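Spelled out, the chains give:
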Amino acid sequence: MLLHRRIGTTPMPLEPYLHLQANPRRFRRWAEPLAPWLVGLGLLGLISAWGLGLVIEAATVDQKESARIFFVHVPLALSCTLIYAAMALASLLGLIFRHELAHLVTQALAPLGAVITLAAFASGAVWGLDDWGQGLLFEPPRSMLTDPRLLSVELLFLQYMAYLGLLTLFETPQQARQAGAVFVLASVVTVLFVRYSPVWFNSIHQGATLHNREAVKPIAYLWVTYAGLLSLWIFTAGLTLWRVFAQLDRHRADLLAQRRIRGRASLGSARVERQS
């Protein structure tokens, strides 16, 4: 049912377009040829950006060659929060417009976001060990169990996993996706804590390095980092489309199997009626 029919208002500007693209067949018509290009272009960009990070001059004023992990960690750290924000947007669209395709996008993004969050935490730990030492893991108040920034990233990872676990607790996929959408919208505030925890709290994590011209010396570092960030987004978009296609194919196969079962049941009941 359309939103303006339910609440008695004029249609929203994007509503006709959203309903048009909610048709899986129409969506696949343009998205399926695009997906491999996104994956290939994103992967090529990531390899190029990370390769350039090994050859350009030293990263920062106050850190050593270990800071070259900047090119890996910063795109991952930014992407893990943006993916959860994208899940929240897709969940909102799915609940408001009752578009199952939007819920499928949320479901497709979740495992990718979990992997990227874990990779961001691991790469940040490797980077921080050179400056913070082994206390990053074991010694409070510098441990990852007490630092606000590290704790918020851990919480974000747990939210990704909780969403994936929530999908298995309901009888029908539709109920699970709707419950998952509510969970994502209720927990999206964690994104703000991940982003601003070094500013709001006393954290061992440094501030926003990417926009700090005193910390980042060569301008090439910024361009290469932005290129890696954009490439990671493109790569993730392509993988997300592939996962959505797989879910649509699985749903179609389930429907066909149910139709075969109903057909056999009706055929069996017809034979019983003839015999009687």
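What this report covers is the structure whose coordinates are included nearby. Just so we're clear, the structure is a prediction, and the values are computed from it rather than from any experiment.

1. Some thoughts on the overall build of the protein
(1) Moving on: Assigned secondary structure in the protein consists of ten helices and zero strands.
(2) Moving on: N-terminal to C-terminal, the α/β element order of the protein is α-α-α-α-α-α-α-α-α-α.
(3) Moving on: Counting every position in the protein, which comprises 276 residues, the buried fraction comes to 40%.
(4) Moving on: Put simply, 74% of the contacts in the protein that link residues at least 6 apart link residues at least 24 apart.
(5) Moving on: Accessible surface for the protein amounts to roughly 15,900 Å². Of this, 67% is attributable to carbon and sulfur atoms.

2. Some words on a positive patch on the surface
(1) Moving on: On the surface, a cluster of positive charge is contributed by Arg 25, Arg 26, Arg 29 and Arg 252.
(2) Moving on: Broken down by element, the residue count for the positive patch peaks at three residues, all from helix α3 (residues 24-52).
(3) Moving on: Within the element layout of this structure, Arg 29 appears in helix α3.
(4) Moving on: Assessed through its relative accessible area of 60%, Arg 29 is described here as exposed.

3. With respect to a nonpolar patch on the surface
(1) Moving on: Side chains of Val 189, Leu 192, Phe 193 and Tyr 196 sit close together on the surface and give an oily, nonpolar patch of about 330 Å² of accessible area.
(2) Moving on: Within the fold, Tyr 196 resides in helix α9 (residues 190-200).
(3) Moving on: When its relative accessible area of 33% is taken as the criterion, Tyr 196 is described as partly exposed.

The rules we used
Residues numbered from 1 in each chain as written. Predicted model: local features only at pLDDT ≥ 70, side-chain atom pairs only at ≥ 80, totals over all residues. Heavy atoms only, no water. Helix = DSSP H or I, 4+ residues; strand = E, 2+ residues; numbered from the N terminus. Buried < 20%, exposed > 50% of the residue type's maximum accessible area, 1.4 Å probe, protein only. Contact = heavy atoms within 4.5 Å. Areas by Shrake-Rupley, 256 points an atom, 1.4 Å probe, with all protein chains shown as cover. Patch = residues over 30% accessible without salt bridge, like charges linked within 9 Å, V, L, I, M, F, W, Y side chains within 5 Å. Salt bridge = Lys/Arg side-chain N within 4 Å of Asp/Glu carboxyl O. Lys, Arg positive; Asp, Glu negative; His and termini not counted. Charge placed at Lys NZ, Arg CZ, Asp CG, Glu CD.

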